[in-house]
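# Overview (structure and organization)
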Amino acid sequence: MSTASHQSDSHYIHGTSPEEQARLSLLNDLLNKACLKEMKLGQEKRILDIGSGLGQFTRLMAKSIQHESFVLGIERDQQQLRQAIDFAHSSKEQELVLFRQGDATQLPLEKAEWGSFDLVHARFVLEHVRQPVEVVQQMAAACRPGGRLVLADDDHDIFRLYPECPGFNELWQAYIRSYDRLGNDPYLGRRLVQLLHDAGMHKIRNTFIFFGDCAGNSTFEAFVDNIIGVVNGARSVIIDHQLLSASFFDQGIAAMHQWKKRKDAALWYAMHWAEAYKPTK
Ligand SMILES: C[S@@+](CC[C@H](N)C(=O)[O-])C[C@H]1O[C@@H](n2cnc3c(N)ncnc32)[C@H](O)[C@@H]1O
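Now for a quick tour of the structure. Quick caveat: nothing in here was measured; it's all calculated off a predicted structure.

## Structural notes on the overall build of the protein chain
Helix and strand content of the protein chain: 9 helices and 10 strands. Rg of the C-alpha trace for the protein chain: 19 Å, near the compact-globule value of 19 Å for 281 residues, within the 12% margin. For the protein chain, the spread of C-alpha atoms along the principal axes amounts to about 55 × 35 × 35 Å. Across the 281 residues that make up the protein chain, the buried fraction comes to 40%. Counting only contacts in the protein chain whose residues sit at least 6 apart along the sequence, the fraction spanning at least 24 positions is 82%.

Now the structure itself:
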């Protein structure tokens with residue numbers, strides 16, 4: 001594994017505690033199948049995954065393409081990298097993906113790797129950087145002419161739940177505000193097409209991947225736990241920035257735990273997803 005010399009100063013709001021890694025891993029279980037389906041992998045041999053996290057989706061992409069492939073995951077955080085490597089070993093898939101430490105704003109690629117990837121992907125990463133334009137430019141530079149960029153990210157404004165959960169709206173708004181307190185964009189998802197356009201990509205396609213559920217389905221509690229997990233992970237940012245008091249915050253989280261037991265509860269969320277191609281000339 002090579003080590004990058006450059007680190008951006010952005011703050012990853014979710015952190016890398018064991019609880020947070022468990023949440024992210026569960027989120028992968030909930031979303032990966034739908035993401036892979038949307039991606040329609042075909043003849044790609046070289047894939048670059050930016051902000052690869054625990055590497056579960058990186059490995060899934062690698063498994064879905066031909067044997068003689070090269071799949072590289074770039075991740076800034078050492079703890080995420082360690083866990084990604086452990087997961088790969090325990091699944092006996094350590095040969096599928098190479099994980100490399102580095103920053104999305106200054107990709108740690110060898111000279112010959114620039115302009116060589118058939119597919120460059122970033123999921124839930126651009127919302128955590130202060131320079132999404134720079135990251136997408138780097139991704140475009142890593143992509144070969146005719147290759148594809150795929151971006152997937154949140155727009156926190158579109159989350160809905162019903163019936164209302166006491167205190168949740170305030171909690172969610174404070175969570176959204178915590179992003180801009182850190183200099184990140186909580187509405188990044190809506191910018192994906194513009195980011196691809198501005199990076200000179202063409203044949204742009206955009207869609208949503210549904211990311212919700214309702215009571216009665218086996219995955220419902222897991223979807224609610226993911227929402228509780230992301231908000232809870234921002235607790236110190238929210239309280240330190242005086243966006244909510246600690247007692248209001250904790251009551252809101254307790255109310256969500258009650259809410260998820262309702263037989264008539266539903267939530268709607270969607271991942272913004274866009275792809276585009278690098279012109280051949
Ligand atoms: C929400 S996780 C998503 C992980 C993975 N893409 C997935 O969808 O499961 C975001 C990841 O991006 C990483 N990250 C955040 N900022 C980064 C940066 N500037 N460069 C590289 N990785 C970064 C975080 O450490 C974290 O592992």
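Still more ground to cover, so stick around.
## Considerations on the site of the ligand
In the vicinity of the ligand, 22 residues are found, and the nearest of them are Gly 51, Gly 53, Arg 76, Ala 104 and Arg 123. Class assignment for the residues of the shell around the ligand results in 7 nonpolar, 10 polar and 5 charged.

## Let's talk about the nonpolar core
Ranked by internal contacts, the top residues of the largest apolar core, which has 50 residues, are Val 120, Met 139, Leu 149, Leu 151 and Leu 196. When near neighbours in sequence (up to four residues on either side) are disregarded, Leu 151 contacts Ala 122, Leu 126, Leu 192, Leu 195, Leu 196 and Ala 274.

## Structural notes on the sheet that holds strand S1 (residues 46–50)
Strand order in the open sheet formed by 7 strands is S3-S2-S1-S4-S5-S10-S7, with mixed pairing between adjacent strands. The sheet is open, and its two edges are formed by strand S3 (97–101) and strand S7 (202–210), each paired on a single side. Strand-to-strand twist in this sheet, taken as the mean axis angle between neighbours without regard to direction, amounts to 15°. When strand S4 (residues 117–123) meets strand S5 (residues 143–153), the two strands line up parallel, connected through 6 bridges. If you follow Val 120 over to S5, its bridge partner there is Leu 149. Here helix H3 (residues 78–90) sits on the sheet and contacts strand S2 (70–75) and S3; the angle it forms with S3, its principal contact strand, is near 165°.

## Details of the environment of Phe 220
Here Phe 220 shows up in helix H7 (residues 220–233). A C-alpha to C-alpha distance of 8.7 Å links Phe 220 and Leu 267, two positions 47 residues apart in sequence. Ignoring anything within four residues of it in the chain, the contact list for Phe 220 reads Asp 213, Cys 214 and Ala 215.

## Concerning the packing of H7 against helix H9 (residues 246–259)
Following both chains from N to C, one finds H7 and H9 inclined at 175°, their axes separated by 10 Å at the closest point. The orientation of H7 relative to H9 falls into the category roughly antiparallel. Of the residues in H9, those touching H7 at Val 224, Ile 228, Val 231 and Asn 232 are Ile 253, Met 256 and His 257. The class makeup of the residues in the contact of H7 with H9 is 5 nonpolar, 2 polar and no charged.

## Things to note about the environment of Ile 228
Among the structural elements, Ile 228 can be located in helix H7. Non-local contacts of Ile 228, meaning those with residues more than four positions away in its chain, are made with Ile 253, Met 256 and His 257.

## Examining the packing of helix H1 (residues 18–39) against H7
Put simply, H1 and H7 touch, their axes get as near as 10 Å, and they point 145° apart. Relative to H7, the crossing made by H1 is left-handed. Between H1, through Glu 20, Arg 23, Leu 26, Leu 27 and Leu 30, and H7, the contact on the second element is made entirely by Ala 222, Phe 223, Asn 226, Gly 229 and Gly 233. Partitioning the contact of H1 with H7 into residue classes produces 5 nonpolar, 3 polar and 2 charged.

Rules of the game
- Residues numbered from 1 in each chain as written.
- Predicted model: local features only at pLDDT ≥ 70, side-chain atom pairs only at ≥ 80, totals over all residues.
- Helix = DSSP H or I, 4+ residues; strand = E, 2+ residues; numbered from the N terminus.
- Rg over C-alpha atoms; globule rule 2.2 N^0.38 Å.
- Buried ≥ 20, exposed ≤ 12 C-beta atoms within 10 Å, placed from the backbone.
- Contact = placed C-beta atoms within 7 Å.
- Near = placed C-beta within 6 Å.
- Nonpolar A, V, L, I, M, F, W, Y, C, P; charged D, E, K, R; others polar.
- Core = buried A, V, L, I, M, F, W, Y, C linked by C-beta atoms within 7 Å.
- Pairing = 2+ DSSP bridges.
- Axes fitted to C-alpha atoms, helices over the stretch in contact; angles between N-to-C directions.
- Parallel < 35°, antiparallel > 145°, perpendicular 65-115°, else oblique.
- Left-handed = near helix turned anticlockwise from the far one by under 90°.

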